[in-house]
Amino acid sequence: MEQLYVLGTGNATAVESYNTCFIVKDEDEIFLTDSGGGNGILKRLADMDIDLQSIQHVFISHRHMDHCLGILWIIRVTSVKMAKDEYKGKLHIYGPEEVLEMLDGFCREMLREKFYRMIGKYIFFIPVRPGETVEICSWKVKFFDIGSKKTLQYGYKMNLKNGRLLIFTGDEPLNDRTMEEGKEADWLLREVLCCYEEETVFHAYEKKHATLKEACEESVKMNVKNAVLWHLEDKTDKNIRKQKYLSECRRWIASDADLKIFIPDDGDVIDL
């Protein structure tokens with residue numbers, strides 16, 4: 001059964017939660033999207049019983065530090081294992097070309113030469129372009145430009161093995177382009193910063209993020225069946241955050257709407 005492993009749910013400056021990143025998993029097939037902002041990714045993987053060696057396909061959506069710096073730690077650990085012949089397989093890292101060039105530059109400067117040599121031998125940076133479809137494990141993944149005004153950023157459409165369609169739209173509010181891409185999605189994975197009633201506290205609009213109001217209303221308009229909302233503020237007590245957010249969602253979704261909202265916590269596993 002395909003499952004969504006939620007490694008982190010926090011926004012860029014989250015402290016109580018890890019930055020938003022996740023895995024689509026089906027038995028031994030694993031696809032990691034984004035990697036958070038530091039070596040916390042290693043603990044998140046360990047906490048969810050994901051062997052680092054099983055991470056062989058990674059997508060980095062854009063160059064912001066809370067989404068891409070964790071991959072440097074994955075490369076650091078795996079390159080050492082590769083150099084010692086303790087790592088079986090290869091590591092494939094997909095993303096916009098400019099992001100991969102930046103990551104390669106970091107590796108060149110920060111890794112010892114014998115570990116950097118693993119890049120191009122066992123570790124591969126694979127640029128993808130909007131409209132391109134790549135077969136990753138057994139999934140067909142079609143990438144698209146989300147139309148960010150801050151930095152080049154890609155999302156993707158994934159055809160799940162069960163026939164359902166999963167759409168990842170990055171960490172910015174939806175626009176006409178991403179709303180069109182996400183129409184009729186069985187699973188929509190998108191950003192939200194805070195509850196609408198707390199917008200003046202967390203300044204979602206000033207920071208170019210959405211609130212629950214937009215996320216719920218847009219998901220209904222797009223005829224989405226399931227919406228996973230994350231990239232959240234983490235000032236709200238984690239023991240009440242999920243229920244608080246779900247309670248507010250009911251303000252923006254009609255009782256007869258065919259939509260289910262998920263507000264995950266770090267470490268949650270969702271059946272797809």
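S.K.: Explanation requested: the sheet that holds strand 10 (residues 165-168) in the structure shown.
M.R.: Pairing between sheet strands relies on hydrogen bonds along the backbone, with the strands arranged either parallel or antiparallel. Strand order in the open sheet formed by seven strands is 7-8-9-10-11-12-13, and the pairing between neighbours is mixed. Both outer strands of the open sheet, strand 7 (133-136) and strand 13 (260-262), are each paired with one neighbouring strand and no more. In this sheet, neighbouring strand axes are inclined to one another by 20° on average, regardless of whether the strands run parallel or antiparallel. Where strand 10 meets strand 11 (residues 187-191), three bridges bridge the pair, whose relative direction is parallel. Its bridge partner lying in strand 11, phenylalanine 168 is registered against leucine 189. Its contacts with the sheet put helix 7 (residues 212-221) on strand 11, strand 12 (226-230) and strand 13, and the angle it makes with strand 11 is roughly 155°.

S.K.: Can you help me understand empty space enclosed by the protein in this one?
M.R.: Think of a ball as big as a water molecule: rolled over the atoms, this probe shows where empty space is left. By the definition in use, this model includes one cavity of 30 Å³ or more. Residue composition of the lining of the largest cavity, by class: four nonpolar, five polar and three charged.

S.K.: So what exactly am I meant to see when it comes to the side chain of glutamate 199 here?
M.R.: If you trace the backbone, glutamate 199 turns up in helix 6 (residues 199-202). An unpaired buried charge is present at glutamate 199: no salt bridge exists, and lysine 207, the closest side chain of opposite charge, is 8.8 Å distant. Dropping the residues within four chain positions of it, glutamate 199 is found in contact with Cys194, Ala204, Tyr205, Glu206 and Thr211.

S.K.: I would appreciate a short explanation of the pairing of strand 9 (residues 154-159) in the present structure.
M.R.: Two faces belong to every sheet, and in a regular strand the side chains alternate between them. In terms of strand pairing, strand 8 (residues 139-145) meets strand 9 through six bridges, oriented antiparallel. Across the sheet, residue lysine 140 finds its bridge partner in strand 9, namely asparagine 159. Between strand 9 and strand 10, which pair antiparallel in sequence order, lie five residues; one of them, glycine 163, sits at a positive phi of approximately 90°.

S.K.: What is the right way to read the pattern of salt bridges from this model?
M.R.: Pairs may arise between side chains of opposite charge once their charged atoms sit close together. This model, assessed by the stated rule, comprises 20 salt bridges. A salt bridge links lysine 242 to aspartate 265; its shortest N-O distance comes to 3.7 Å. Of this pair, lysine 242 sits in helix 8 (residues 238-252) while aspartate 265 sits in the loop between strand 13 and strand 14 (269-271), placing them 23 residues apart in sequence. Residue classification places lysine 242 among the partly exposed positions, given a relative accessible area of 28%.

S.K.: Can you help me understand the sheet that holds strand 2 (residues 21-26) in this one?
M.R.: The strand order 6-5-4-3-2-1-14 describes an open sheet built from seven strands, whose pairing is mixed. Two strands in the sheet have a free side with no partner beyond their single neighbour: strand 6 (123-127) and strand 14. The average angle at which neighbouring strand axes cross in this sheet is 20°, direction not considered. The sheet contact formed by strand 2 and strand 3 (residues 29-33) spans five bridges and is antiparallel. From the neighbouring strand, valine 24 faces strand 3, where its bridge partner is phenylalanine 31. On top of the sheet, helix 3 (residues 97-110) reaches strand 5 (91-95) and strand 6; it is set at about 155° to strand 6, its chief contact.

S.K.: Help me understand the side chain of histidine 62 in this model?
M.R.: Within the fold, histidine 62 resides in the loop between strand 4 (57-59) and helix 2 (65-83). Judged by relative accessible area, histidine 62 falls into the buried class, the value being 0%. Here the side chain of histidine 62 touches serine 61 through a polar contact of 2.8 Å, side chain to side chain. At 3.5 Å, the side chain of histidine 62 forms a polar contact with the side chain of glutamine 153. Once residues lying within four places of it in the same chain are set aside, the contact partners of histidine 62 are His67, Cys68, Val99, Thr151, Leu152, Gln153 and Asp171.

S.K.: Could you clarify how one ought to interpret the packing of helix 2 against helix 3 in this entry?
M.R.: The relative placement of two packed helices is expressed as an angle between their axes plus a distance between the axes. Put simply, helix 2 and helix 3 touch, their axes get as near as 11 Å, and they point 45° apart. When the axis of helix 2 is compared with that of helix 3, the two are oblique. For the crossing formed where helix 2 meets helix 3, the hand is right-handed. Touching Cys68, Leu69, Ile71, Leu72 and Ile75 of helix 2 are Met102, Leu103, Phe106, Cys107 and Met110, all from helix 3. Partitioning the contact of helix 2 with helix 3 into residue classes produces 10 nonpolar, no polar and no charged.

The rules behind the values
- Residues numbered from 1 in each chain as written.
- Predicted model: local features only at pLDDT ≥ 70, side-chain atom pairs only at ≥ 80, totals over all residues.
- Heavy atoms only, no water.
- Pairing = 2+ DSSP bridges.
- Helix = DSSP H or I, 4+ residues; strand = E, 2+ residues; numbered from the N terminus.
- Axes fitted to C-alpha atoms, helices over the stretch in contact; angles between N-to-C directions.
- Contact = heavy atoms within 4.5 Å.
- 1 Å grid on protein atoms, 1.4 Å probe; cavity = no way out; pocket = protein on both sides within 12 Å on 5 of 7 lines; lining within 4 Å.
- Points joined across faces, edges and corners; volume = space filled by probe spheres on them.
- Nonpolar A, V, L, I, M, F, W, Y, C, P; charged D, E, K, R; others polar.
- Buried < 20%, exposed > 50% of the residue type's maximum accessible area, 1.4 Å probe, protein only.
- Lys, Arg positive; Asp, Glu negative; His and termini not counted.
- Salt bridge = Lys/Arg side-chain N within 4 Å of Asp/Glu carboxyl O.
- Polar contact = N/O pair within 3.5 Å; in protein donor to acceptor, adjacent residues only side chain to side chain.
- Parallel < 35°, antiparallel > 145°, perpendicular 65-115°, else oblique.
- Left-handed = near helix turned anticlockwise from the far one by under 90°.

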